[in-house]
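The residues making up each chain are set out below.
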Amino acid sequence: RGLGDVYKRQVKGEVVVSLAPLVEEVSPAVVNIRVSQTVTSRNSFSDDAFRRFFGLPEGRGGAREVASAGSGVIVDAERGYILTNHHVVGEADAIQISLMDGSLHDAELVGSDPATDIAVIRVDADDLTEMPIGDSTGVRVGDFVIAIGNPFGLSHTVTSGIVSALGRSGISEDGYEDFIQTDASINPGNSGGALVNMSGELIGINSAIISRTGGNVGIGFAVPTEIASSIMSQILDFGEIRRGLLGVNIQTIDAEAAKALGNDVESGAIITRIQTDSAAENAGLQVGDIIVEVNDKRVEGAADLRNRIGLLRPGEPVDIKYIREDRTLTVRAELGQARQLQVLGEEIHRGLAGAVFSAATTASANGVELLEVQEESPAAQRGLRTGDL
């Protein structure tokens, strides 16, 4: 199926090229999502003592119900599974979807992953239409795409554009990112909607925009289906997200830093510490090795390597190309499993900012382990170091 037999139609004897057949085919798989949640405002009048002092009636302590909207994509009509964004439904108390025919249905949250901003919800309804999931790894810059969603509450709005870039990251500080960038208009309410290729396949879940005004400026981002499908399968298989772990502490290295170390490397991540009995140690990696490729894809820096590994499953083999002294070597490592519970130091006390804590998991250790301490951070200034227990 291609442009020749899908998008050309006769209008008053003339051939007109149109996306209408494609839009008509895939739009029923896109749903509008309405969520409600209870938010507690933090102010003096939320406190009962203050309310009594000022003669105000005692209430719900500043709690109020707020509503918001987003979009979703039906990917399994038989079981009622819908892909959307974590930031749309992750904190919802109640979720309701509306289909293209206007019917309303209550939905339940199956699971979500804040780090990739992907969530799965489920609806019990008949005669659903699903959208086939395409291979986002085959997407190329310049491919035509359409975005379908619920911007500003305008149901089933369709916009078109091209793929502007691939592999975008750095949009959020803590997420695992490998975004598809597009200039197809994406606005508030499009979150969780579909990015569709010209074969009518889902290739991304629209997730974010860059804008100074909050409206579209032609820079939108979608989570590739390679990631979204993996997250969905883990949620359905395990009920949680299990991330791969190489077991290294790393720092970004550029061409100038590499030259000072006697290496001719444009970019990469240098290993500064290796955890005991980790995938890295078992594979023979050493402190000072510079990782330059993972699964034949260039590593731009520490954040890039973290993304690549964190998006893989525990037990999955990964090919790592690295530089040791003046030699280029390749090794295959079998990833371990990252700890699920990690706490940022600033969430505990501002004096611990720059540290990442986790419960120690080895049989010989009983306590809280410092997974990471940033140099010159408040935590580092107080003497804390990576690996402290």
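For clarity, every value in this text was computed on a predicted model and none was experimentally measured.

### Some remarks on helix α5 (residues 225–238)
For α5, with 14 residues, the first-to-last C-alpha span of 19 Å sits near the 20 Å given by 1.5 Å per residue. Those residues of α5 not exposed but buried are Thr225, Ile227, Ala228, Ser230, Ile231, Met232, Gln234 and Ile235. Phi turns positive one or two residues past the end of α5, at Gly239, with a value near 75°.

### Side note on the environment of Ser169
Structurally, Ser169 can be placed in the loop between β10 (157–168) and β11 (179–182). Its relative accessible area of 39% is what places Ser169 among the partly exposed residues. In sequence terms Ser169 and Asn307 are 138 residues apart; their C-alpha atoms lie 8.7 Å from each other. Aside from chain neighbours lying at most four places away, what touches Ser169 is Glu177 and Asn307.

### Here we look at the packing of aromatic side chains
Here the structure, examined in full by the defined rule, presents one aromatic pair. Arg242 extends its terminal NZ or CZ atom over the ring of Phe238, reaching a point 4.1 Å from the ring centre.

### Topic: the pairing of strand β7 (residues 104–113)
Consecutive side chains along a regular strand alternate between the two faces of the sheet. In the sheet, strand β6 (residues 94–98) pairs with β7 via four bridges, with the strands oriented antiparallel. What sits directly across from Ile95, in β7, is Ala107. In this sheet, strand β8 (residues 118–123) lies alongside β7 in antiparallel orientation, the contact comprising six bridges. Following the sheet pairing, Ala107 is matched in β8 by Val123. Counting the residues that bridge the hairpin from β7 to β8 gives four residues, and of these Asp117 lies at a positive phi of roughly 60°.

### Things to note about the pattern of salt bridges
Across all of its chains, the model carries nine salt bridges by this definition. Close ionic contact of Glu240 with Arg242 constitutes a salt bridge, the shortest N to O distance being 3.0 Å. Here Arg242 falls in the partly exposed class, since its relative accessible area comes to 29%. Across the pair Arg308 and Asp304 runs a salt bridge, and its minimum N-O distance is 3.3 Å. Here Arg308 pairs with Asp304, and both are found in helix α8 (residues 302–310), just four residues apart, close to one helical turn. Note on Asp304: relative accessible area 15%, which makes it buried.

### Side note on the pairing of β11
Of the two faces of β11, the one lined by Phe179 and Gln181 and the one lined by Ile180 and Thr182 are each fully buried. Pairing of β10 with β11, which is carried by three bridges, proceeds in the antiparallel orientation. Paired with Ala165 across the strands is Gln181, a residue of β11. Sheet topology places β11 next to strand β14 (residues 220–224); three bridges connect them, and they run antiparallel. Bridge assignment links Thr182 to a residue of β14, and that residue is Gly220.

### Structural notes on α8
Looking only at α8, the buried set comprises Ala302, Asp304, Leu305, Asn307, Ile309 and Gly310. At its buried positions, α8 is contacted by β15 (244–245), β16 (248–254), β17 (267–274), β18 (290–294), β19 (297–298) and β20 (317–324).

### Focus on the nonpolar core
Residues Leu83, Met131, Ile146 and Leu202 are the most contacted members of the largest nonpolar core, which totals 28 residues. Here this core gets five residues from one element, more than from any other, and that element is α5. Leaving out residues up to four positions away in the same chain, Met131 has contacts with Val26, Ala29, Val30, Val73, Ile74, Val75, Ala194, Val196, Gly200, Glu201 and Leu202. Leu246, Val248, Ile291 and Leu312 belong to the second-largest nonpolar core, a separate cluster that totals 21 residues.

### Comments concerning the sheet that holds β11
Strands in a sheet are paired, the pairing made by backbone hydrogen bonds, and the direction either parallel or antiparallel. Read around the barrel, six strands follow the order β9-β10-β11-β14-β13-β12 and close on themselves; strand pairing throughout is antiparallel. Going from strand to strand, the sheet's axes swing by 45° on average, the running direction of each strand aside. Bridge analysis of strand β9 (residues 144–149) against strand β12 (residues 194–196) gives three bridges, and the strand direction is antiparallel. Its bridge partner being in β12, Ala147 is matched across the sheet by Leu195. Packing against the sheet, α5 makes contact with β13 (202–209) and β14, and its axis sits at approximately 50° to β14.

### Details of the confidence of the model for the protein chain
Residues at a pLDDT of 70 or more form 84% of the protein chain, whose mean pLDDT is 83. Taken element by element, the predicted model of the protein chain shows its lowest mean pLDDT in helix α1 (residues 3–6) (46) and its highest in strand β5 (residues 81–84) (96). Overall, residues 1–5 carries pLDDT values under 50, and its contacts beyond four positions in sequence, including any with other chains, amount to six contacts.

### A look at the side chain of Gln181
Of note, Gln181 is situated in strand β11. Excluding residues that lie within four positions of it along the chain, Gln181 makes contacts with Ile162, Val163, Ser164, Ala165, Arg168, Ile219, Gly220 and Phe221.

### Regarding the environment of Arg298
Along the chain, Arg298 turns up in strand β19. Remark: the alpha-carbon pair of Arg298 and Gly268, spanning 30 residues in sequence, is separated by 7.9 Å. Once residues lying within four places of it in the same chain are set aside, the contact partners of Arg298 are Glu266, Ser267, Val292, Glu293, Asp304 and Arg308. Among the polar contacts made by the side chain of Arg298, one reaches the side chain of Ser267 at a distance of 3.1 Å.

How each quantity is defined
- Residues numbered from 1 in each chain as written.
- Predicted model: local features only at pLDDT ≥ 70, side-chain atom pairs only at ≥ 80, totals over all residues.
- Heavy atoms only, no water.
- Helix = DSSP H or I, 4+ residues; strand = E, 2+ residues; numbered from the N terminus.
- Expected span 1.5 Å × (residues − 1).
- Buried < 20%, exposed > 50% of the residue type's maximum accessible area, 1.4 Å probe, protein only.
- Contact = heavy atoms within 4.5 Å.
- Phe/Tyr/Trp six-rings, centres within 6.5 Å; stacked < 30°, edge-to-face > 60°.
- Lys NZ or Arg CZ within 6 Å of the ring centre and 35° of its normal.
- Pairing = 2+ DSSP bridges.
- Salt bridge = Lys/Arg side-chain N within 4 Å of Asp/Glu carboxyl O.
- Core = buried A, V, L, I, M, F, W, Y, C linked by side-chain atoms within 4.5 Å.
- Axes fitted to C-alpha atoms, helices over the stretch in contact; angles between N-to-C directions.
- pLDDT = per-residue confidence, 0-100.
- Polar contact = N/O pair within 3.5 Å; in protein donor to acceptor, adjacent residues only side chain to side chain.

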